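Remarks on the overall topology
The primary structure of each chain is shown beneath.
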Amino acid sequence: MLKLNSQRSLPMTLFPKQSIYAKVESDPKIGRWRKPIVKIFRLGVYIVKYYKTGIQETYNIYKNSKNFKMEINKLTSIDLKNSSSPITELYKYVEFQDIKVRNTHLENNNGKDTSNGKPITSHIPITRKQLVEYYRRNQVWKLPRFALIAFIFEEITALLCYIWPNIAPHNCLSPGGYKKISNSLILQRNKFQAKNKTKKMIENSLEYNSPFSLSTNELKLKLRNSTASKVKLFIYSKFQNNKKFQEKSLNEFYQYIYLNDRILLENILKPNLFEEKNSITRLTYRELAQEILERQLYEYDEDINKMVNDQSEREILLLRLIIYLSYIYDDCIGINGTQFLHSEKWGAANMNLLENRGTVSQQLVNNDTFSNIHLL
Amino acid sequence: MNSILRKYYSVLTKASSKKTLTNTNEFVEFMNIFPRKKQVQRTLFELDSNLTYKQLLPVFQHIYLNNKDLSIIKERNIQNEDLMIMKKVLERIRFKNKSVNKKIINLEDNLLNLAAEHGNNDAISILSFRTIINQEKGKNTTNTNEVKIAKDLIKQLFELSHPLTFKLTADMMYNSNNFQDASKYYKQFLKLEADKSSSIGDESGNSILEAEVYTKLGQISMKLSDLNDAERYFIKAIQLAPIEYTCNSYYYLSQIYLNSNPLKSRSLLEACSSQGFKESFPQLGYLELNYFKNIKRAKFWFELGMRIFQAECYFGYFNCCIKLNDYENASNCYNSLQILYNSVSENDKQLIDLFIENKRNVLKNYILQRLN
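Think of each chain on its own: its residues are numbered from 1, step by step along the sequence as written. Labels follow written order: the first chain is A, the first ligand is 1, and so on. For a predicted model such as this one, the threshold for reporting local features is a pLDDT of at least 70, and the threshold for listing and counting side-chain atom pairs is 80 or more; totals across whole chains, interfaces and linings nevertheless cover every residue. By convention in this description, side-chain values take in all heavy atoms of the structure and omit both hydrogens and water.

This part covers the overall build of chain B. Scanning chain B from terminus to terminus reveals 20 helices and zero strands. Think of it in three bands: with a 1.4 Å probe and only protein chains considered, a residue is buried below 20% of the maximum accessible area for its type, exposed above 50%, and partly exposed in between. Every one of the 372 residues in chain B was classed for burial, and the buried ones make up 47%. Working rule for contacts: check all heavy atoms of both residues, and any pair within 4.5 Å makes them a contact. Considering only intrachain contacts with a sequence separation of at least 6, the fraction spanning at least 24 residues in chain B is 54%. Total accessible area on chain B stands at roughly 20300 Å², and carbon and sulfur atoms take up 48% of it. Secondary structure elements are taken from DSSP: a helix is a run of H or I of four residues or more, a strand is a run of E of two residues or more, and numbering for both begins at the N terminus. Here the open area of atoms and residues is found with the Shrake-Rupley method and a 1.4 Å probe, where only the protein chains shown may cover a residue.

This part takes up the nonpolar core. Buried residues of nine kinds, namely Ala, Val, Leu, Ile, Met, Phe, Trp, Tyr and Cys, make up a nonpolar core once their side-chain atoms join them within 4.5 Å. Ranked by size, the top nonpolar core spans 105 residues in total, and within it Leu90(A), Leu250(A), Tyr256(A), Leu259(A), Ile292(A) and Ile304(A) carry the most contacts. Counting residues per element, this core draws most heavily on helix α12 (residues 244-269) of chain A, at eleven residues. Each domain's extent was defined by an automatic or database domain assignment. There are two domains that each give this core at least three residues, and those are domain 2 (164-277) and domain 3 (306-372) of chain B. Residues within four places of Leu250(A) in sequence aside, it is in contact with Pro211(A), Leu214(A), Leu219(A), Lys222(A), Leu223(A), Met351(A) and Leu354(A). Membership of the second largest hydrophobic core comes to 63 residues, among which are Ile154(B), Met173(B), Tyr233(B) and Ala237(B).

What follows deals with the layout of surface pockets. To find leftover empty space, a probe the size of one water molecule is rolled over the atoms. A volume near 1000 Å³ is recorded for the second largest pocket. Considering the residues around the second largest pocket, the lining is formed by 32 residues, among which Ser85(A), Tyr134(A), Lys232(A), Phe245(A) and Glu252(A) are closest to the centre. Every element with two or more residues in the lining of the second largest pocket is listed here: α4 (86-108), α5 (128-136) and α12 of chain A together with α15 (262-274) of chain B. The element that contributes the greatest number of residues to the lining of the second largest pocket is α12(A), accounting for six residues. Here the nonpolar group is Ala, Val, Leu, Ile, Met, Phe, Trp, Tyr, Cys and Pro; Asp, Glu, Lys and Arg are the charged ones; every other residue, Gly included, is treated as polar. By residue class, the composition of the lining of the second largest pocket is ten nonpolar, 14 polar and eight charged. Using only the protein atoms, space was sampled on a 1 Å grid; points where a 1.4 Å probe fits but cannot get out form cavities, open sets with protein on both sides within 12 Å along at least five of seven lines form pockets, and lining residues are those with an atom within 4 Å of a point. Grid points are joined across faces, edges and corners, and a volume is the space filled by probe spheres set on the points.

This part is about the packing of helix α12 (residues 207-223) of chain B against helix α13 (residues 227-240) of chain B. Any two packed helices are characterised by the angle at which their axes cross and by the distance between the axes. All names here are of chain B. Angles here are taken between N-to-C directions and fall from 0 to 180 degrees, while the axes themselves are lines fitted to C-alpha atoms, restricted in helices to the stretch in contact. The N-to-C vectors of α12 and α13 enclose an angle of 165 degrees; their axes lie 8 Å apart at closest approach. Considering the angle they form, α12 stands roughly antiparallel to α13. As α12 runs across α13, the sense of the crossing is left-handed. Every residue of α13 that contacts α12 at Ser207, Glu210, Ala211, Tyr214, Thr215, Leu217, Gly218, Gln219, Ser221 and Met222 is listed here: Leu227, Asp229, Ala230, Tyr233, Phe234, Lys236, Ala237 and Leu240. When its residues are assigned to classes, the contact of α12 with α13 shows ten nonpolar, five polar and three charged. By the definition adopted for this analysis, an angle is roughly parallel if under 35 degrees, roughly antiparallel if over 145, roughly perpendicular if from 65 to 115, and oblique otherwise. Each crossing gets its handedness from the near helix: less than a right angle anticlockwise from the far helix is left-handed, clockwise is right-handed.

Attention shifts here to the interface of chain A and chain B. Of the residues lining the interface, 29 residues belong to chain A; the matching set on chain B comes to 19 residues. Defined in terms of a 1.4 Å probe, buried area is the accessible area two parts forfeit on being brought together, summed over both. Between chain A and chain B the total buried area reaches about 2000 Å² when both faces are included, carbon and sulfur atoms providing 56% of it. A carboxyl oxygen of Asp or Glu within 4 Å of a side-chain nitrogen of Lys or Arg is what we treat as a salt bridge. The shortest N-O distance in the salt bridge between Glu231(B) and Lys92(A) comes to 2.6 Å. Polar contact criterion, stated in full: a pair of N or O atoms within 3.5 Å, where within protein one must be able to donate a hydrogen and the other to accept it, and residues adjacent in sequence count only if both atoms are side-chain atoms. Our count for the chain A to chain B interface comes out at seven residue pairs in polar contact (both at pLDDT 80 or more).

Residue and element names in this part refer to chain A. Like charges are joined within 9 Å and nonpolar side chains (Val, Leu, Ile, Met, Phe, Trp, Tyr) within 5 Å, but only among residues with over 30% relative accessible area and no salt bridge; these make up the patches. A cluster of nonpolar residues, Leu148, Phe151, Ile152, Phe153, Ile156, Leu159, Tyr162, Ile163 and Trp164, forms a patch on the protein surface that exposes about 970 Å² of accessible area. The set of elements that each furnish at least two residues to the nonpolar patch consists of α6 (143-153) and α7 (157-163). A total of four residues in the nonpolar patch trace back to one element, the largest contributor, which is α6. Along the polypeptide, Leu148 turns up in helix α6. Overall, Leu148 belongs to the exposed group, its relative accessible area being 51%.

Another point: the UniProt feature "coiled-coil region" (unreviewed entry) in chain B. UniProt positions are given in the numbering used here, feature names are shortened, and annotations may be inferred rather than shown by experiment. The residues that UniProt annotates with the feature "coiled-coil region" (unreviewed entry) are residues 90-117 of chain B. Along residues 90-117 of chain B one finds 86% helix and 0% strand; the C-alpha atoms at either end are 19 Å apart.

Sulfur atoms of two cysteines make up a disulfide when they are within 2.5 Å. If you walk through the whole model with that rule in mind, you get zero disulfides over all chains. With no disulfide partner, Cys161(A) has as its closest neighbouring cysteine sulfur the one in Cys172(A), 7.5 Å distant. According to the relative accessible area criterion, Cys161(A) is buried, its value standing at 5%. Looking at the unpaired Cys247(B), the closest cysteine sulfur is the one in Cys272(B), lying at 4.5 Å. By relative accessible area, Cys247(B) is classed as buried at 10%.

The next point concerns the pattern of salt bridges. Oppositely charged side chains can form a pair if their charged atoms are brought close together. Under the counting rule described, the total for this entry stands at 35 salt bridges over all chains. When the shortest N-O distance is used, the salt bridge between Glu108(B) and Arg94(B) registers 2.9 Å. One end of the pair, Glu108(B), is in helix α7 (residues 102-117); the other, Arg94(B), is in helix α6 (residues 80-97), and 14 residues separate them in sequence. Note on Arg94(B): relative accessible area 25%, which makes it partly exposed. Three or more residues joined by partner-sharing salt bridges are found here, namely Arg128(A), Arg136(A), Asp261(A), Glu287(A), Glu291(A), Glu294(A) and Arg295(A).

Written out as structure tokens, the structure is:
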């Protein structure tokens, strides 16, 4: 579990207001007349502590993930220097390993696939925690601005973070702020689709779209979920008048999603890989919420955090994730040993996959879909 | 031009006590095909040689005429290594100019033979391997005795740990698809070269040969599906030698990066195309057409490819024209492809047949539209 999830880089899913209030309420040492003030005070203290931990962890993630590039260098035996991103290098490494595994497998069996559906995937020698923390390390650039806001506005910071959740580092978000972000993301998507009538195009999964063939608006839309610096993106698009930075960032985001999915699937298919004691793949609530957010497996006004904390709703989210994974990675070499690579099946960096929800109609599974089936 | 050369010849013959050329016409012919002074000087500098153009020109002339009186070599104190350098000069210039002249190649061969006669191991090795390869190819020019001698010489060179012999052995293995052994000998060559250059204190070593070996190692790794190693070898080759010697490495590296880093791949292919590497044109065209969706640029690359009669480029160009609604050029391309049909390989013929069959309807529809 330690190597699969990165709790410290993600925000809480449940605001403990009720539990704090209940604690104060049940504390006999606090006088009745003091209780409303103590409740607010303790809540304030909790929020300050939450921000403090969030800031510390954001910095720690940045510091600890510095080694990631070195590890990739060791893996590929090529000194990257500043040439390309470690995520791209890891993506390339995985692709090379897949080709090697496939060719060796076919060579040993005289060109016949004898895997019988058993996974013959190559192993990714990086943990999911390392990968996601490297990708989320960019949040550190929010710290100076956030610290300045906290210094100027003091206790009003929490309110500001609620109104404009993007000013806070990701792990300092409140569930309310998280919902605001998730709603705005899906709203932008829906608006764009309605405007450009791209839904039909996305439904046709065979349609190929590379990150370098998108318009500026499409790039913006698809990049809204990535951790690429929004300031940089703005400067490049406005003043440099070129899309190269955005295109590269989007390509990297796609590669990150692919690697993240691959490691998760590897974990599900070979559960004892990370979990030595227990063979169950344990994705934390925070990670599940993030997976759902990044892959847009939710509808407008759905509160992911709330859903994650409710058992039946959580099962729905898990089901959406599984449907998505099985659709995207079905019939690819890494998973069941057929002759296809992921890029051969969908095309190199097919951006339509970022919008794909894994169902033919692009409709998500919800309670109504399974009203007659009891989920275990 | 010829009058200038004649004047130059008269000056040269006056200056030299012995006449190096018997006939003025032969001299004029030699100077016409021999590389320019500046180019020779630059190549000598690149090869880090102490020899000068002035010193070498009479020797070149002498050998060019197949003169059996070789006293000039002794007179000018030309060593066997110098003869090999003279050969390398011609070889490199030929490579850079991408032009082949039979007489210059004969001159190179004569230089090689002379170097071997004077005991140069590199020359002996090259000639020995040439004899064996000729015998394997079934050429009548070699007899069994020559082959036996060649084999003995190679054996002796092996015992001497002569680097080029290891490289040429590896080349033979590579051509006979024995990749494991080829890789082993290539690595030995690199080790010997590294030892040699460290003992001399010259870090640059024989970088072009090393680059060639790294390219071969990369190709072997690709064939053995070890793309990580292949990438490493190709990068090393590119670092060691200029692009004209490492075009293959650029091309293979671009193929390796096609999925993960298309921008890099495109840059590498563009570098290849700058050297006229014909396989790079259709690749660049399709990359621009399908990945970057830049049809005009794709059309440009296909057009360049068509100039060197690449069948694939005709297909791409046709598709670009159709996408740009340029039916007139598409129709011209279609007709050109039919003309090209007789002069292409069997594989290309099959592809053209398939293409013509598929695209006939596209043009038919267009003509019908125009008629309506």
